[in-house]
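Below are the chains, spelled out letter by letter.
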Amino acid sequence: MSNTTGSGMGDLQSLTNSITAVTSPFRLYLSDLLQKYQPLDEGAIADYIPELALALPEWFGICAVTTVGQIFEVGHCKQLFTIQSISKAFIFGLALEDHGREYVNSKVSVEPTGEAFNSIVLDEATNRPYNPMVNAGAIATADLIKGNNGTERLKRVLDMFKRYTGREHDINVPVFLSERATGFRNRAMAYLMRNFGMVGDNIDETLDLYFQQCSIMVNAHDLAMLAATLANGGINPVTQERAIQEQYVQDVVSVMLTCGMYDASGEWTYRVGMPAKSGVGGGITALVPGQLGIGTFSPLLDAKGNSLRGLKVCEDLSRDFGLHIFNAATGDRNLEEWIAGSNGTDDW
Ligand code: GLU
C-alpha cells in the first residue's frame, strides 16, 4: 500500500500533513457528508451470491484525490470489497490499448441500452453487445484482453489496476468461485456471442477472466485513485505512473458518462454530471476531468444497483461545488479554495 506521507512516528512532515488534511475545509465538508448520510439505511445489500451479503450496512467511506495528488478521506476508506462492474470501464481501456479503437468498436458498441445490466440483448443489425458496461459487452471486452493463457491475462489486468491505484490487488477467491459457479446467465450470453462471432474460442477462459475482474478487491481510496488517474489524463497523480495511453482516456470516460450507472445513467448525468461507474459491491468511482477523482463505498444499493449513500454524496458534491461537467456557473463553494487548506496528502 502506498504511504504517500511516510508516516513513521516522529516524522514531523507527515504529522503536519496529516493535521493539515484533517483540519482542511474540504475534509471537514466530506466529514459532514458522512454524518449527513450515515443514517440513510434504505436499500439492500447485493445477495445474488452469499459472499456479498456479508457486507455490513453501516460501512461508509468517501475519498477524494485531486489531480495534483492531494488525498482527502473520511469513514471506511480502507475497507476492502469487490470492484464488480466498476472493473468494466478499466478493462475497456486495456482492450483499446491492446487492439485500437476500430477493432474494439467492431466487437462492442458504445450505445446505452435502457435495459438492465444483465439483459441478454445484442444489436440486431451488427450482433454487437450494446456497450462495455453491460455484462454482454463487458464479456466481449474481456475476451479482447491479450495474453498467452488465463494466468497471463489476469496478471495484465491486475498490473493495470496497480498502475491506476499505486498498490497490488488481490482476487477475493470465494467471490470469484461463487460468481463462476452461479453465472449461468453470463455464460449464456458468452455462448450467444460466440454464435455471432463476437467472442473467440476461449469462452471459458474469458468467462473466468470476467468473473476474476469482478472479484478484485479494492477500497474507497482505490476508487478515488482510479478516477483521479482518468481525471489526470491517464497518469496516476501520486506515483506519476501512466496507467492508460492518453488517447484512450476520452473513450473510457465517455462511456462512463453515458452508460456507467446502470439503467440510471441518464438521470445521473442530468443530476450529477460526472463520468462515473458503480458496482454491486457498493462502490462508485466518479471524476471531474482535470480536477478530481471521487471514490465512495456503501453497500446499500437502490433498485437499479447503485449505492444509495454514494449517489447522495456525489449529488451534494456536484451541487455544492458546481462540478457538473456542463455547468457554466460556479457552485456555492469554490473547490480550489476549499482544498487549499491542505498543503499535502492525507495520512494514508
Ligand atoms: N459480477 C456481476 C455479474 O456479472 C457484476 C455485478 C455488477 O453489476 O457489479 O453479474
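Residues numbered from 1 in each chain as written. Predicted model: local features only at pLDDT ≥ 70, side-chain atom pairs only at ≥ 80, totals over all residues. Heavy atoms only, no water.

> Residue-level account of the packing of helix α2 (residues 25–37) against helix α13 (residues 308–321), with values.
Across the interface, α2 lies against α13 with an axial gap of 10 Å and an inter-helix angle of 140°. Put simply, α2 runs oblique to α13. Here α2 runs over α13; the crossing is right-handed. Contacts between α2 and α13 involve F26, Y29, L30, L33, K36 and Y37 on the former and, on the latter, R309, K312, V313, D316, L317, R319, D320 and F321. Here the residues of the contact of α2 with α13 are counted per class, giving eight nonpolar, no polar and six charged. (Axes fitted to C-alpha atoms, helices over the stretch in contact; angles between N-to-C directions. Helix = DSSP H or I, 4+ residues; strand = E, 2+ residues; numbered from the N terminus. Parallel < 35°, antiparallel > 145°, perpendicular 65-115°, else oblique. Left-handed = near helix turned anticlockwise from the far one by under 90°. Contact = heavy atoms within 4.5 Å. Nonpolar A, V, L, I, M, F, W, Y, C, P; charged D, E, K, R; others polar.)

> Summarise the site of the ligand; cite the residues concerned and give the values.
Taken together, Y48, Q84, S85, F117, N135, E179, N186, Y210, C214, Y262, G279 and V280 form the complete shell of residues around the ligand. The side chain of Q84 places a nitrogen or oxygen atom 2.8 Å from a nitrogen atom of the ligand. At a separation of 2.7 Å, an oxygen atom of the ligand approaches a polar side-chain atom of Y210. Classifying every residue of the shell around the ligand by side-chain character gives six nonpolar, five polar and one charged. (Near = heavy atom within 4 Å. Polar contact = N/O pair within 3.5 Å; in protein donor to acceptor, adjacent residues only side chain to side chain.)

> If you had to explain the pairing of strand β7 (residues 292–297) to someone new, which residues and values would you point to?
The side chains of a regular strand alternate between both faces of the sheet. In terms of residue burial, β7 counts as a mostly covered element, since six of its six residues are buried. Along β7, one buried face is formed by L292, I294 and T296 and the opposite face, lined by G293, G295 and F297, is buried too. Pairing of strand β1 (residues 61–66) with β7, which is carried by six bridges, proceeds in the antiparallel orientation. Its bridge partner being in β7, I62 is matched across the sheet by T296. Following strand β6 (residues 283–288), the chain reverses through three residues before pairing antiparallel with β7; G290 in that reversal takes a positive phi of roughly 85°. (Buried < 20%, exposed > 50% of the residue type's maximum accessible area, 1.4 Å probe, protein only. Pairing = 2+ DSSP bridges.)

> Lay out the UniProt feature "binding site: substrate" (unreviewed entry) in the protein chain with the relevant residues and their values.
Sequence positions flagged by UniProt for "binding site: substrate" (unreviewed entry) are, in local numbering, S85, N135, E179, N186, Y210, Y262 and V280. Its place among the elements puts S85 in the loop between β3 (81–82) and α3 (86–99). If we ignore the near neighbours within four places in the chain, the residues touching S85 are Y262, K277, S278 and G279. Along the polypeptide, N135 turns up in helix α5 (residues 135–143). Judged by its relative accessible area of 3%, N135 falls in the buried class. If we skip the residues at most four places from it in the chain, N135 touches K88, F117, N118, N186, M189 and Y210. (UniProt positions renumbered as here; feature names shortened; annotations may be inferred.)

> Talk me through α13; I want residue IDs and the actual numbers.
Taking 1.5 Å of rise per residue, the 14 residues of α13 would be expected to cover 20 Å, and the 20 Å separating its terminal C-alpha atoms lies within 8% of that figure. Counting buried residues in α13 gives 12 out of 14 residues, a clear majority hidden from the surface. Taken residue by residue, α13 has L308, R309, G310, L311, V313, C314, E315, D316, L317, S318, D320 and F321 as its buried positions. If you check the start of α13, you find a side-chain oxygen 3.3 Å away from the backbone N of G310, and it comes from S307. A positive backbone phi angle near 60° is found at G322, which sits one or two residues after α13. (Expected span 1.5 Å × (residues − 1).)

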